[in-house]
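The primary structure of each chain is shown beneath.
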Amino acid sequence: MKKRMRIGLAIVCAIPILSPLLFMNGNDYLIQAVTRIFIYGLLVLSVEMSWGQTGIFTLGQAAFFGVGGYFAAYLATNENVTDIGLLLIIAIAAGIMSGTLVALFLFSGKRVGELYVALVTLVISFVCEKLANSWTFVGSGNGIPGVPFATLFGKEISSPIAFYFVAFGIFAVALIVCIVIIDSQFGLAINAVRDDEERAEFFGYNRSAIQIVIFIFSATLASMGGALFALSEGFISPSSLGLALSTSTVLWVVLGGRGTFFGPLLALALLESVDIEMRSILPSLWQILVGLMLLATMIFLPKGLASLGEKSRNKRELRKRS
Amino acid sequence: MKLLEVVDVSKSFGNLAALTNVSIQVETNQIVGLIGPNGSGKSTLLHSICGRTIANSGSVLLNGKELVSANPMIRAQSGMAIKFQLARIYVEKTVKENIMISLQAKDGMWSLVRSGTTKKFMPEIEELIVEFQLVDYADTQAKYLSHGQQQWLEIAMAMASNPSILLLDEPTAGMSPKERSDTSKLIKSASKKCGVLIVEHDLDFIKDLCDRITVLHHGSVAASGTPTEIENDPKVKEVYLTRV
């Protein structure tokens, strides 16, 4: 693992571990808000793996988030399956199955354009949201409320701080797995597909297989996030499958910087931290401000917050060469 | 047995016949040049060989294996490597990473997934960056290389896959005389390991380098022979050499 990556990982892990002790003072509301950041962090990792690292522009990743959430919520509520390990395994299976279906449809044939992938995934997210809204089996528009507390080794995870550490642990493991993948030979292969998929094929890479594997992996991450969301919030609703969440995730990745893990996670943490406060202070203006921020980022920092460091590295390199 | 045999390849785009029954052969350790005026079908032929374009009819045999309808991945895995006219390298990656991308492509996908490290290729990478004069730039992003160095890097990437046949599309385009001379040496060195097929505009460059030259005109082979035979062919002289 590269030195910069190790330092970043240490910071990402150290802050959440120390935060409850230093800043949160047992404030359950705050703890739940940060827990939500870890959960959405899984969704960010999933978009970063598919789009940021492999070039698969998915606009419907919330569909997989919702699938995991609905599976977990339904089984916990109706079948009394509350063991978090078992629910996560089921969410992983659901993510693999749904991801495989979509991935085979998208990537098993000839190369398809970025726009085509974006539109298909967007439509999938839209259809899933509509389906959940009208299907009484999953609670229609109300979703599935009253999801019981999850259990770990038979003990109920009822306190927010306990769930905080569970969510953080799962997020940290997922982040490390993603970093290890990107640092490996396979990571270089998926970056090769992202940067020039036709060229990668001329080197002998199986572009189609690489895209299918990464798409399934990212769907699985999103599905795990959805399951944790349902268990943390105690409900799941059609909006968890929908366009708003899908586009928010893309927004976090764009703001943070596609192609890095820490930039998008930082953007998610920053935006989510101020989101609740700003919604109450500037209810009508906040969304417009977020839109303007996105616009400004795309104009002045097209590679996102993460490119701030890259710019200074580029200057150093140019100085060195001149 | 011939290394690369292109037999009666034809390709048309709508009503336009880009190639008509073109045949060309390359043997191991041989350098074959392909010349012709603009629009003569050189690029279409190269693309039909590498799989970017699928020929309408004919055969593309590499080591006796029929590849005419195979996709680029299969052709690459069968021992074909290409350097495009405009260098298609990974500009955001370092020189080492670029070469590694090519080196590891021969590993199967599951081998890539299982691999925890990229270090095992370092000896081969070091060897290639020395050969292609890129030692000082090993950890530099490819976007900071000069035009000539980028072309060399792409040839190095092609050679990293240990190909049977190396396809080069105008490898010296935009290079200085010194870079062209160095490139010529690199190609000669490469031909000790594989067969080389070069599409090139610069006749002076190609006649000193190639064992055989094929001239294309209007999508057909107009002449084929040693550089001396081609130079002395009155038809070639009249129709092509003044135009290429």
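Look up a bit, the structure's there.
Residues numbered from 1 in each chain as written. Chains lettered and ligands numbered in written order. Predicted model: local features only at pLDDT ≥ 70, side-chain atom pairs only at ≥ 80, totals over all residues.

S.K.: Just to check I follow, could you spell out the overall build of chain B for this structure?
M.R.: In terms of regular secondary structure, chain B is built from 10 helices and 10 strands. Computed over its C-alpha atoms, the radius of gyration of chain B comes to 18 Å, within 12% of the 18 Å expected for a compact globule of 244 residues. A total of 244 residues make up chain B; the buried ones form 45% of that total. Here the contacts in chain B between residues at least 6 apart in sequence split such that 65% fall between residues at least 24 apart. (Helix = DSSP H or I, 4+ residues; strand = E, 2+ residues; numbered from the N terminus. Rg over C-alpha atoms; globule rule 2.2 N^0.38 Å. Buried ≥ 20, exposed ≤ 12 C-beta atoms within 10 Å, placed from the backbone. Contact = placed C-beta atoms within 7 Å.)

S.K.: I'm lost on unusual backbone geometry in this one. Help?
M.R.: Keep in mind that most residues, glycine aside, have a negative phi and that most peptide bonds are trans. Even without being glycine, A:S140 reaches a positive phi, approximately 50 degrees. Residue position: A:S140 is located in the loop between α5 (114-134) and β1 (151-152). Exposure remark for A:S140: the 13 C-beta atoms within 10 Å place this residue in the partly exposed category. We note that B:N63 has phi near 50 degrees; this positive angle belongs to a residue other than glycine. Position of B:N63 among the secondary structure elements: in the loop between β4 (57-62) and β5 (65-66).

S.K.: What is the right way to look at the pairing of strand β10 (residues 220-225) of chain B in this model?
M.R.: The side chains of a regular strand alternate, first on one face of the sheet and then on the other. Residues and elements named next belong to chain B. Sheet topology note: the strand β9 (residues 212-217)/β10 ladder contains five bridges and is antiparallel. Residue pairing for β10: V215 is matched across the bridge by A223. Between β9 and β10, which pair antiparallel and follow one another directly, the connecting turn spans two residues, one of which, H218, has a positive phi of 50 degrees. (Pairing = 2+ DSSP bridges.)

S.K.: How do you make sense of the environment of B:R75 when you look at a structure like this?
M.R.: On the secondary structure map, B:R75 appears in helix α2 (residues 72-77). Taking the C-alpha atoms as reference, B:R75 lies 8.6 Å from B:L62; in sequence the two are 13 residues apart.

S.K.: It is not clear to me how the environment of A:P264 should be interpreted in this structure. Could you clarify?
M.R.: Residues and elements named next belong to chain A. Along the chain, P264 falls in helix α11 (residues 262-281). Counting along the chain gives 11 residues from P264 to V253, while the straight-line C-alpha distance between them is 4.5 Å. For P264, the residues in contact, after removing those within four places along its chain, are V44, E48, W252, V253, G256 and G257.

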